[in-house]
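A closer look at the structure
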Amino acid sequence: MKIAFLGAAQTVTGSCFVIQTDKARFAVDCGMFQGNSAFEERNFDTAAHRPEELDFILLTHAHIDHSGLLPRMVKQGFKGSIYCTAPTADLAAIMLEDSAHIQEMEQEWKNKHKTRRGEEIDPAEEALYSIDDAIATAKLMRPVDFNKELEPAEGVKVTFRYAGHILGAAILDITVTEGGKATRVVFSGDLGRPGALLLPDAETPASPDWLFVESTYGDRDHKGEADTLNELVEAIDYSFSRGEKVIIPAFAVERTQEILYSLYLLKQQGRLPDKMPIYVDSPLATKATKIFLKYSSILHTPELSSVAVHDPDAGVIFTQDAQDSMKLNAMQGPAIILSASGMCNAGRIRHHLKHNLWREGVSIVFVGYQAIGTPGRKLVDGAKSLRLFGEDVKVAARIFTIGGFSAHAGQSQLLEWIGAMARPGLNIGLIHGEPKAQQILAGLIKERFGITPFIPEYLEEAVIEGSGAPVVETPAPARSRRRVDWNFLAGELEQRVSQIRSRLAEADSLPWEEQAELRDRLAEIERELFVFLSQL
Ligand SMILES: [Zn+2]
Ligand SMILES: [Zn+2]
């Protein structure tokens with residue numbers, strides 16, 4: 001079979017692998033690229049996917065970086081079935097509709113901007129996909145039971161196994177038979193952290209021919225996993241004693257429910273201040289919480305988790321509309337606010353940051369992975385200010401990063417999971433990780449198990465068969481490794497500065513009002529440069 005690596009190849013987002021066998025063509029995940037604009041451009045380029053030629057799609061779990069391009073595929077002609085577990089189907093339906101809403105809003109915003117600048121709107125320039133596309137996508141989903149073999153096409157058998165990570169998440173155990181010869185490939189999907197609060201641990205399949213494993217935390221373990229609740233208490237106490245808020249950017253699915261459950265535990269232990277109301281300010285999180293209750297039999301603390309999200313004594317308030325949300329901005333006094341998105345690149349959390357980031361005594365508590373280029377990552381990396389809604393907001397709040405909530409296995413946990421399958425002849429491919437994390441994990445795998453992992457590049461295509469080595473048929477094109485011409489850009493900038501210098505001499509003779517206006521604009525440019533420098 002041939003695998004095309006169309007995402008999550010030396011990066012953590014855009015998970016998508018298109019597999020061509022002698023009888024079928026299908027995809028494992030169809031995720032959205034997230035982060036900066038260079039990554040996001042890839043979302044529009046589906047030439048390599050050929051959606052109308054895909055027979056079916058297997059979806060590991062509902063996260064947008066695995067499911068977010070499904071409506072794009074449907075918009076561009078995909079008509080097959082999307083196989084996933086029942087909770088994934090329910091979660092993906094609400095998440096894709098939410099994502100479509102964001103896409104539509106972004107397009108509307110771009111158009112408004114163009115109109116204001118007097119530019120023409122290109123009718124061909126559409127949102128990545130619409131809410132209708134998302135609804136059509138949900139209709140193609142076919143729920144599959146865990147641990148029950150499915151044969152979606154001749155010569156392809158697949159079993160969905162528990163991956164932990166988030167509700168419904170699965171490891172895909174695929175056997176492809178071509179010309180009488182079977183090749184078993186396991187895709188880890190995103191692997192959960194053992195001992196997670198709500199979900200059972202990931203299963204370990206029997207050793208396959210090929211193991212494609214995620215490597216998000218390939219370079220590190222989660223720090224202070226045991227101290228998770230204590231760290232949360234520290235953040236809450238810090239802000240409560242200063243009469244300020246605790247802002248928790250949290251993914252609407254899994255993390256929000258996990259935090260609610262943690263707060264419930266703290267309440268039980270008498271470690272939560274009485275006058276500290278808890279708000280869930282994310283329509284998506286509210287909907288997701290209902291789905292968690294529907295599938296509480298999968299959670300390994302079914303009764304308790306139901307109590308945690310239902311118990312009115314726990315003082316959890318789910319905001320209803322945008323007005324409720326805005327009231328929180330004006331509200332004085334301590335409170336805990338959980339809002340999405342978890343990486344602060346969209347959603348109501350951005351408003352909460354704008355109103356609180358500059359306030360001393362506020363805590364911003366990060367409880368999940370922050371991808372490169374996202375506002376969340378900038379804050380975790382110690383940014384002194386953050387650009388929000390066209391304004392630079394100073395960071396005076398205290399930033400907490402709590403690793404123990406991660407939905408991903410840390411380095412040692414990944415190695416342990418891989419170790420249970422390691423044997424001579426096993427092939428390992430590393431996906432879903434940033435290059436540094438992958439290099440470090442690859443080194444450790446080589447050292448411990450004597451296996452040199454294959455690290456595919458974006459758009460690369462490789463043929464694998466049985467336990468043989470991969471044959472790279474189509475190397476990644478140069479565009480997957482584009483480089484920015486920094487020297488050219490810096491040279492241009494230097495030229496502009498010298499032009500400014502020579503012309504400013506003449507500006508001395510202008511009327512004072514005009515000089516003042518030019519001075520303000522130059523000061524603004526200088527400030528922009530300062531902010532840019534702080535990001536380098
Ligand atoms: Zn995930
Ligand atoms: Zn992922």
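What counts and how
Residues numbered from 1 in each chain as written. Chains lettered and ligands numbered in written order. Predicted model: local features only at pLDDT ≥ 70, side-chain atom pairs only at ≥ 80, totals over all residues. Helix = DSSP H or I, 4+ residues; strand = E, 2+ residues; numbered from the N terminus. Rg over C-alpha atoms; globule rule 2.2 N^0.38 Å. Buried ≥ 20, exposed ≤ 12 C-beta atoms within 10 Å, placed from the backbone. Contact = placed C-beta atoms within 7 Å. Pairing = 2+ DSSP bridges. Axes fitted to C-alpha atoms, helices over the stretch in contact; angles between N-to-C directions. Expected span 1.5 Å × (residues − 1). Core = buried A, V, L, I, M, F, W, Y, C linked by C-beta atoms within 7 Å. Domains from an automatic or database assignment. Parallel < 35°, antiparallel > 145°, perpendicular 65-115°, else oblique. Arc of directions from axis to C-beta. Left-handed = near helix turned anticlockwise from the far one by under 90°. Nonpolar A, V, L, I, M, F, W, Y, C, P; charged D, E, K, R; others polar.

All right, on to the overall build of the chain then. Within the chain, the secondary structure is distributed over 16 helices and 22 strands. The C-alpha atoms of the chain give 25 Å as radius of gyration, which agrees with the globular expectation for 536 residues (24 Å, within 12%). Structurally, the chain occupies a C-alpha span of about 85 × 60 × 50 Å along its principal axes. Buried positions account for 44% of the 536 residues belonging to the chain. For the chain, long-range pairs separated by at least 24 residues make up 74% of all intrachain contacts whose partners lie at least 6 apart in sequence.

Right, let's talk about the sheet that holds strand β12 (residues 245–249) for a bit. Strand order in the open sheet made by the 6 strands is β14-β13-β15-β12-β16-β19, with parallel pairing throughout. Each edge of the sheet is formed by a strand with only one pairing partner; in this case those strands are β14 (316–318) and β19 (398–401). Going from strand to strand, the sheet's axes swing by 20° on average, the running direction of each strand aside.

Before going further, it helps to spend a moment on the sheet that holds strand β5 (residues 81–85). Note on sheets: strands pair through backbone hydrogen bonds, and any given pair is parallel or antiparallel. The 8 strands are arranged β6-β5-β4-β3-β2-β1-β21-β22 in an open sheet whose pairing can be described as mixed. Each end of this open sheet is capped by a strand with a single partner; those strands are β6 (141–144) and β22 (471–474). Strand-to-strand, the axes of this sheet are offset by a mean angle of 25°, without reference to chain direction. Bridge count for strand β1 (residues 2–7) against strand β21 (residues 461–463) is 3 bridges, and the pairing is antiparallel. Within the sheet, the bridge partner assigned to K2 lies in β21 and is V463. Most of the contacts of helix α4 (residues 86–116) go to β5, to which it runs at about 115°, and overall it touches β5 and β6.

Think of an α-helix as 3.6 residues a turn; residues three or four steps apart then line up on the same face. With 24 residues, helix α16 (residues 512–535) should cover 34 Å at 1.5 Å per step; its first-to-last C-alpha distance of 35 Å lies within 8% of that length. Across the 24 residues of α16, 0 count as buried, placing the element largely on the outside.

A few words on the nonpolar core. Ranked by internal contacts, the top residues of the largest apolar core, which has 140 residues, are F17, I57, A92, L172 and I248. Counting residues per element, this core draws most heavily on α4, which supplies 8 residues. Residues from two domains meet in this core; each of domain 1 (2–220 + 407–475) and domain 2 (225–405) gives at least three.

Each pair of packed helices can be summarised by the angle the axes make with each other and by the distance between the axes. The N-to-C vectors of helix α6 (residues 228–240) and helix α7 (residues 255–268) enclose an angle of 80°; their axes lie 11 Å apart at closest approach. With respect to α7, the axis of α6 lies roughly perpendicular. Contacts from L229, L232 and V233 in α6 reach S262, L265 and L266 in α7.

With respect to the secondary-structure elements, S15 resides in the loop between β1 and β2 (16–20). As a C-alpha pair, S15 and H66 span 51 residues in sequence and 5.1 Å in three-dimensional space. Those residues in contact with S15, other than ones at most four positions away along the chain, are G7, A8, D29, G31, D65, H66 and H432.

Turning our eyes to something else, we now look at the domain arrangement of the chain. Partitioning the chain into structural domains gives domain 1 (2–220 + 407–475), domain 2 (225–405) and domain 3 (492–535). A straight line from the C-alpha centre of domain 2 to that of domain 3 covers 41 Å.

This brings us to the pairing of strand β7 (residues 150–153). With 2 bridges connecting them, β7 and strand β8 (residues 156–162) associate as antiparallel partners. Residue pairing across strands places L150 opposite V158, the latter belonging to β8. A loop of 2 residues connects β7 with β8, the two strands running antiparallel in sequence, and G155 in this loop sits at a positive phi of about 80°.

Residues of helix α11 (residues 349–356) that are buried: I349, H352, L353 and N356. Taken end-on, α11 shows its buried residues confined to a sector of 100°, consistent with a single buried face. On its buried side, α11 packs onto β12, β15 (335–339) and β17 (385–388).

On to the packing of α4 against helix α5 (residues 131–139). Contact pair α4 / α5: the axes reach a minimum separation of 8 Å and the direction vectors enclose 165°. Our classification of the angle between α4 and α5 gives roughly antiparallel. In terms of crossing hand, the pair formed by α4 and α5 is right-handed. Between α4, through A93, L96, E97, S99, A100, H101 and E104, and α5, the contact on the second element is made entirely by I131, D133, A134, I135, T137 and A138. Of the residues belonging to the contact of α4 with α5, the class tally is 7 nonpolar, 3 polar and 3 charged.

Attention shifts here to the environment of D485. Tracing the sequence through the fold places D485 in the loop between β22 and α15 (486–507). Looking at D485, the number of C-beta atoms within 10 Å reads 8, which means it is exposed. A sequence separation of 403 residues divides D485 from I82, and the C-alpha atoms of the two residues are 41 Å apart.

This part covers the environment of A346. When you line up the elements, A346 lands in the loop between β15 and α11. Contact partners of A346, with chain neighbours within four places excluded, come to I102 and S341.

This part is about unusual backbone geometry. The step from A340 to S341 runs through a cis peptide bond, and the omega angle for that step is 10°. Take S341: it is sitting in the loop between β15 and α11. Residues other than glycine seldom take positive phi values, yet H165 does so here, at roughly 60°. Despite not being glycine, F389 shows a phi value in the positive range, around 50°. Within the secondary structure, F389 is located in the loop between β17 and β18 (391–394). According to the C-beta neighbour criterion, F389 is exposed, with 9 such atoms within 10 Å.

Covered by surrounding structure in strand β16 (residues 363–366) are S363 and V365 together with I364 and F366, the residues of both alternating faces. When β12 meets β16, the two strands line up parallel, connected through 2 bridges. Bridge pairing in β16 places I247 opposite I364. In the sheet, β16 pairs with β19 via 4 bridges, with the strands oriented parallel. Looking at the pairing, F366 lines up with T401 of β19.

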